[in-house]
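Notes for the structure review
The lines below spell out each chain.
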There are 2 protein chains.
Amino acid sequence: MSDRKAELSQLIEAQGNKVRSLKSQKAEKAAIDAEVAVLKGLKQELAILEGVAGGDKAKKVAKSAFTLKTAKGTKDYNDKDMAIREKVFSTITSVFKKHGAVTIDTPVFELKEILSGKYGEDSKLIYDLADQGGEECSLRYDLTVPFARFLAMNGKEYQNFKRYHIAKVYRRDQPAMTKGRMREFYQCDFDIAGTYDAMIPDAEILRILCEALTNLDIGKFTVKLNHRKILDGIFQVCGVPEDNIRPISSAVDKLDKLPWADVKKEMTEEKGLAPEVADKIGEYVKLKGGRDLLERLLADENLTKNTSALAGLQDMELLFDYLDAFEITEKMSFDLSLARGLDYYTGIIYEAVTEKSAPPKPVEGAVAKPKKSTDEFDESTVGVGSVAAGGRYDNLVGMFSGLNKKGEPNLKIPCVGVSIGVERVFSILMAKQKPEAIKSNETEVYVIAVGDGLLTERMQIASDLWKADVKAAFLFKKKPKLDKQWAACEKDQIPFAVIIGRDELDRGEIRIKDMRSKDESQGGGVTYKRDDMVKILKEKIAQL
Amino acid sequence: MSDRKAELSQLIEAQGNKVRSLKSQKAEKAAIDAEVAVLKGLKQELAILEGVAGGDKAKKVAKSAFTLKTAKGTKDYNDKDMAIREKVFSTITSVFKKHGAVTIDTPVFELKEILSGKYGEDSKLIYDLADQGGEECSLRYDLTVPFARFLAMNGKEYQNFKRYHIAKVYRRDQPAMTKGRMREFYQCDFDIAGTYDAMIPDAEILRILCEALTNLDIGKFTVKLNHRKILDGIFQVCGVPEDNIRPISSAVDKLDKLPWADVKKEMTEEKGLAPEVADKIGEYVKLKGGRDLLERLLADENLTKNTSALAGLQDMELLFDYLDAFEITEKMSFDLSLARGLDYYTGIIYEAVTEKSAPPKPVEGAVAKPKKSTDEFDESTVGVGSVAAGGRYDNLVGMFSGLNKKGEPNLKIPCVGVSIGVERVFSILMAKQKPEAIKSNETEVYVIAVGDGLLTERMQIASDLWKADVKAAFLFKKKPKLDKQWAACEKDQIPFAVIIGRDELDRGEIRIKDMRSKDESQGGGVTYKRDDMVKILKEKIAQL
């Protein structure tokens, strides 16, 4: 590497001159910084090379040059993690595709202004890119805002659109790795965009959610269901002042974690609501049920007089018909305490809870961490709360489309969507199995030589297997020991071994051993003709 | 939305107080900036809401609030793009898995110091994250350095490791969108890490590369092959001074784009090499062939006297035996002009060129843009150059592992790998077909009602199909017009339609139409029993 060291010395000298010259010309700071960064990099590389060569001072530099870790709140996913993740993604993706969905991909960073004003106080959790001269950009915080931006840009072609997107998002939150709250984590969104007749896409989203959760095999689940218009109607009917509706709504949303007495206290003491108004709300938001509850509310003249509540109830009537046709009514719980944090919901809202993810039953007087007000749902944590959530948001795309002369959005694309909390699903599934039991490779056949190595012969056999689309491997040694080959085959949980020896090959024969068989009599495998090997293995693999 | 506006006004006031208070306490700049960002976001949201409501001044704010575009050098991939991309990824992934590979995932950003000193002058193209308090981080520039960092951290468990990684990387280069050079683009890497007998994993990597390129169906290709030790030996034998070997090597690497006279000029005039030394090099690097060339070089006593050259030639001898066993020798071109830019290669190097991607034949005296010295290969551009490249790099992991008391790396994991230029593959494939011919959804059956809408009946039929894993859809209208339903079915290129009518349903019948059939006699489809519908459709789909 001494040639590289000489080159580096030259480059460092030249780069130093460049930096000095830029400084003397009073160039822009960003330009100087960029060249200084290059200089530092070259110096560091040289220090490392010299460290490897042995210079004492350089060694120290090289030793301290790296902190061997991933950035705070991020982690590597190893092969076992990825095997589980890929299974989850493919299960979910199959369901989405069964319902005609396509996928799109948006950049990992957006112009900063695209994200501004979308996340309320949580805006401070947005990661910005450094100003290196050029546009101000930020890492995406969720997949919904980029989707709305995409629709606003391309909406004319995408007025009828079922899209899913599984990708990483970024939040500069305090990481809690033990709880699984990360700064980089996956989201999995499915949305239907377009102007359709009421509640039809909404019902299909719920059906998709039920199919996905069933296929993921994470245990029993319930989908809590409510409607923003019914909630708003209830608040109006009970006498909540208009400007206190969202704060009161967010207090109601805590009913799954706090007992009613605490929620009432928040409403009256913190948010200044009259106690009798709070009590009236309490009568409603404690209600849950199915179509029976809907009938009861439709019979409530106080409520049906209210335009907003009536519209919501009529939507729910339609929805229940459609849920029946889709055979998922039994999974639903019409729950008037479900309020959801995000402001942009305009119609039905829902949240799926599994038995494993349900929060502990609220205890009177207990203190719970309040939910974040603007978070879709806290997907960055696992182990508590919901495994999926969503709702209808008819006005978000309009926020990006600009306004016409009347002050209305140029483009209005109503949307309904669901976000599956894949990180929680992963941790539920990971907890169900031991890491050593997870097979991360897909290899079906291991080629083993008895005797003198037979490397090119093993290669030819592997080559024949690959040609027939059989997943095959062998040990990368010229003359491997037999026990090392068996050990490698067992470690990777490969189901079949092809065993070759010089004499057998000369007779046109090989042996095949079923590695899962406990039958001692076929310890060395069963002998077949070399020419039949591929056919027989294909049959055995088909039966796996 | 007036409730949200009221809430925003309150929040803005409170946030303003918070910022003022922090400033008066002389809090850290990063802390103040974070709160100011929140304040700006809240103000912007309010402006937008007021814009929607119609206030003239607010409207102006709202109109200017968004530049509706993706960040410079990035783009959205729509459903058609993604359909092609997913096909490419799954083709490549199948080949990797056939060879026993697993995948890992590393974070999109790394500690800045991990990337420093790895990319020479190209370090200035690294994207940094803003300093928002905490660690200094940068977006990954490639997948190789994070992989080496992963191995250095987890290497003891991963001494024998075939891993692939398909993910986006980031380079703050001048984008050339028309040429397809992006700031965000995919890389697709396959590497084998571990200490094995010489050239065995190297041969399997070449086999994998050949299988992948064949299956991708991008036309004929050739894999150019060379060995760093042979090249270094040639340079030594011809009399290149030690500290000029890398610069001369990088001049040689331009021989695929420049005629020999220009390369010689660079060697002598720019790099100060004696003309007779350049001529000696010229005799060697113009050579290409197969095993015949290897024999010729092995007979060259001048060369075999050189330790480095001899070691390289012995490697090549082994490799040719293994390539024969893997039946890929005919795809190879042993090409002494292949030098590759990256410094870290230590053994064989290779580059795949398709007929479509081959650069135009060099013309004497023509000026070509020189290759970047440190780029794996310029994967961010498409249309010219190689479609895949790689080589053996035995010392990179050691750069991360720290040094022991003797000044040697704590952990040495030799690696050999290949990077497939998926962005080039995409553009080759996209150029082969019209966008409208790409089917991005996978829907197999469209449910159509004749007559009175029959919404819940269509829903029930879809539900039955979904239950049987048939991909089905229908129009989200209560009473859709017949022509709208046909149009939707045709637009999405759905192969089968189930047609239902009131009378037929009452008789327990439905009709199935093969949308691809030109047989006019079955224009309205063929009648079947409702109970047989799923079975018949499954049979028809299996024949697709």
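Looking at an unreviewed UniProt entry, one finds chain A named Histidine--tRNA ligase, mitochondrial, with Phycomyces blakesleeanus as its source organism. Regarding chain A, the relevant UniProt record gives this comment under Function (unreviewed entry): "Catalyzes the aminoacylation of histidyl-tRNA in both the cytoplasm and the mitochondrion." Taken from UniProt, the Catalytic activity (unreviewed entry) comment for chain A reads in full: "tRNA(His) + L-histidine + ATP = L-histidyl-tRNA(His) + AMP + diphosphate + H(+)".

All names here are of chain A. The topology assignment puts His165 in strand E4 (residues 161–170). For His165, the side chain forms a polar contact with the side chain of Asp105, separated by 3.3 Å. If we ignore the near neighbours within four places in the chain, the residues touching His165 are Thr103, Ile104, Asp105, Thr106, Arg140, Leu143, Gln187, Cys188 and Asp189.

So, about the packing of aromatic side chains. Counting across every chain of the model gives 36 aromatic pairs over all chains. Aromatic side chains Phe109(A) and Tyr127(B) sit 5.2 Å apart centroid to centroid with 50 degrees between the ring planes, which places their arrangement in the tilted category. Of the two residues, Phe109(A) sits in strand E2 (residues 109–111) while Tyr127(B) sits in the loop between helix H5 (112–115) and strand E3 (137–139), which places them in two different chains. Relative accessible area serves as the criterion here: at 1%, Phe109(A) is assigned to the buried category. A ring pair is formed by Tyr344(A) and Tyr393(A), whose centres lie 5.4 Å apart and whose planes are at 50 degrees; its orientation type is tilted. With Tyr344(A) in the loop between strand E8 (332–335) and strand E9 (348–354) and Tyr393(A) in strand E10 (residues 388–393), this residue pair connects regions lying 49 residues apart in the sequence. A relative accessible area of 13% means that Tyr344(A) is categorised as buried. Tyr393(A) sits in the buried class, given a relative accessible area of 3%. Here the aromatic cluster, defined as three or more aromatic residues joined through ring pairs, consists of Tyr196(A), Phe326(A), Trp466(B), Phe474(B) and Phe476(B). Sitting over the face of the ring of Phe147(A), Arg163(A) holds its NZ or CZ atom 3.9 Å from the ring centroid.

All names here are of chain A. One open sheet holds the nine strands; their spatial order is E1-E4-E5-E11-E10-E9-E6-E8-E7, and the pairing between them is mixed. Two strands lie at the open edges of the sheet, namely strand E1 (102–103) and strand E7 (288–289), each paired on one side alone. The pairing of strand E6 (residues 221–227) with E9 spans seven bridges and is antiparallel. Considered in E9, the bridge of His227 is made with Ile348. Each of strand E5 (184–193), E9 and strand E11 (415–420) is contacted by helix H15 (residues 422–431), which is oriented at about 120 degrees to E5, the strand it contacts most.

Let us now look at the interface of chain A and chain B. One frequent convention defines the size of an interface as the accessible area lost when the parts assemble. Taken together, the contact between chain A and chain B spans 128 residues of the former and 128 residues of the latter. When chain A packs against chain B, close to 11,800 Å² is buried across both sides, 59% of that on carbon and sulfur atoms. By the criterion of area lost to chain B, the three top residues of chain A are Lys98(A), Trp466(A) and Phe476(A), representing 7% of everything that side buries. Lys467(A) is the salt-bridge partner of Glu327(B), the closest N and O atoms lying 3.2 Å from each other. Summed over the shared surface of chain A and chain B, the number is 44 residue pairs in polar contact (both at pLDDT 80 or more). Residue contributions to the side of chain A that touches chain B peak at 10 residues, all from helix H2 (residues 29–53) of chain A. Residues belonging to the side of chain A that touches chain B are distributed by class as follows: 54 nonpolar, 28 polar and 46 charged.

Residue and element names in this part refer to chain B. In the contact formed by helix H12 (residues 291–298) and helix H14 (residues 307–325), the axes pass within 11 Å of each other and the chain directions differ by 155 degrees. Compared by their axis directions, H12 and H14 come out roughly antiparallel. The hand of the H12/H14 crossing is left-handed. Across from Arg291, Leu294, Leu297 and Leu298 in H12, the residues of H14 making contact are Leu313, Met316, Glu317, Phe320, Asp321 and Asp324. Looking at side-chain class alone, the contact of H12 with H14 contains six nonpolar, no polar and four charged residues.

For the rest of this paragraph, the subject is unusual backbone geometry. In this structure, Gln493(A) is a non-glycine residue whose phi angle is positive, near 50 degrees. With respect to the helices and strands, Gln493(A) occurs in the loop between helix H17 (482–491) and strand E14 (496–500). A positive phi angle, close to 65 degrees, is found at Asp469(B), a residue other than glycine. Mapping Asp469(B) onto the fold places it in the loop between helix H16 (455–467) and strand E13 (472–474).

Residue and element names in this part refer to chain A. Within E10, six of the six residues are buried, which leaves it mostly tucked inside the rest of the structure. Burial along E10 is two-sided: Ala388, Gly390 and Arg392 facing one way and Ala389, Gly391 and Tyr393 facing the other are all buried. Bridge count between E9 and E10: four bridges; the pairing is antiparallel. From the neighbouring strand, Glu351 faces E10, where its bridge partner is Ala389. Inspection of the sheet shows E10 paired to E11 by six bridges, in the antiparallel sense. For Gly390, the partnering residue across the bridge sits in E11 and is Val418.

With that settled, the discussion passes to the nonpolar core. Core analysis: the biggest nonpolar cluster contains 110 residues, and Leu206(A), Met267(A), Ile281(A), Ile420(A) and Phe474(B) have the highest contact counts within it. Looking at this core, the element that brings in the most residues is helix H7 (residues 200–216) of chain A, giving 10 residues. In this view, Met267(A) contacts Ile248(A), Ala251(A), Val252(A), Trp260(A), Gly272(A), Leu273(A), Ala278(A) and Ile281(A); residues no more than four positions away in its chain are not counted. Membership of the second largest hydrophobic core comes to 109 residues, among which are Leu505(A), Phe235(B), Phe326(B) and Ile348(B).

Moving on, we come to the packing of helix H16 (residues 455–467) of chain A against helix H19 (residues 533–542) of chain A. Residue and element names in this part refer to chain A. Contact geometry of H16 with H19 gives a least axis separation of 10 Å together with a crossing angle of 55 degrees. In this view, H16 runs oblique relative to H19, as classed from their interaxial angle. The handedness of the crossing between H16 and H19 is right-handed. Of H19, the residues touching H16 (which contributes Ile461, Asp464 and Leu465) are Met533, Val534 and Leu537.

The subject of this paragraph is the sheet that holds strand E15 (residues 509–514) of chain A. Strand pairs in the sheet, formed through backbone hydrogen bonds, run parallel or antiparallel to each other. All names here are of chain A. The five strands lie next to each other as E13-E12-E14-E15-E16, forming an open sheet whose pairing is mixed. Either end of the sheet is taken by a strand with one partner, and the two such strands are strand E13 (472–474) and strand E16 (526–529). For this sheet the average axis-to-axis angle between neighbouring strands, irrespective of direction, equals 30 degrees. Sheet topology note: the E14/E15 ladder contains four bridges and is antiparallel. Each residue of the ladder has a partner; that of Ile499, found in E15, is Arg511.

As a further point, take the relation of the copies chain A and chain B. Rotating chain A by 180 degrees and translating it 0.0 Å along the rotation axis places it on chain B, where the RMSD comes to 0.1 Å. The relationship between the two copies is best expressed as a two-fold rotation axis. By residue overlap, the copies meet face to face through one surface: 99% of the interface positions of chain A are interface positions in chain B.

Residues and elements named next belong to chain A. Inspection of the secondary structure puts Glu276 in helix H11 (residues 275–285). Classification of Glu276 as exposed rests on a relative accessible area of 53%. Spatially, the C-alpha atom of Glu276 lies 9.5 Å from that of Gly239, the residues being 37 residues apart in sequence.

Reading the values: the criteria
Residues numbered from 1 in each chain as written. Chains lettered and ligands numbered in written order. Predicted model: local features only at pLDDT ≥ 70, side-chain atom pairs only at ≥ 80, totals over all residues. Heavy atoms only, no water. UniProt positions renumbered as here; feature names shortened; annotations may be inferred. Helix = DSSP H or I, 4+ residues; strand = E, 2+ residues; numbered from the N terminus. Polar contact = N/O pair within 3.5 Å; in protein donor to acceptor, adjacent residues only side chain to side chain. Contact = heavy atoms within 4.5 Å. Phe/Tyr/Trp six-rings, centres within 6.5 Å; stacked < 30°, edge-to-face > 60°. Buried < 20%, exposed > 50% of the residue type's maximum accessible area, 1.4 Å probe, protein only. Lys NZ or Arg CZ within 6 Å of the ring centre and 35° of its normal. Pairing = 2+ DSSP bridges. Axes fitted to C-alpha atoms, helices over the stretch in contact; angles between N-to-C directions. Buried area = accessible area lost by both parts, 1.4 Å probe. Salt bridge = Lys/Arg side-chain N within 4 Å of Asp/Glu carboxyl O. Nonpolar A, V, L, I, M, F, W, Y, C, P; charged D, E, K, R; others polar. Parallel < 35°, antiparallel > 145°, perpendicular 65-115°, else oblique. Left-handed = near helix turned anticlockwise from the far one by under 90°. Core = buried A, V, L, I, M, F, W, Y, C linked by side-chain atoms within 4.5 Å. Least-squares fit on C-alpha atoms with pLDDT ≥ 70 in both.

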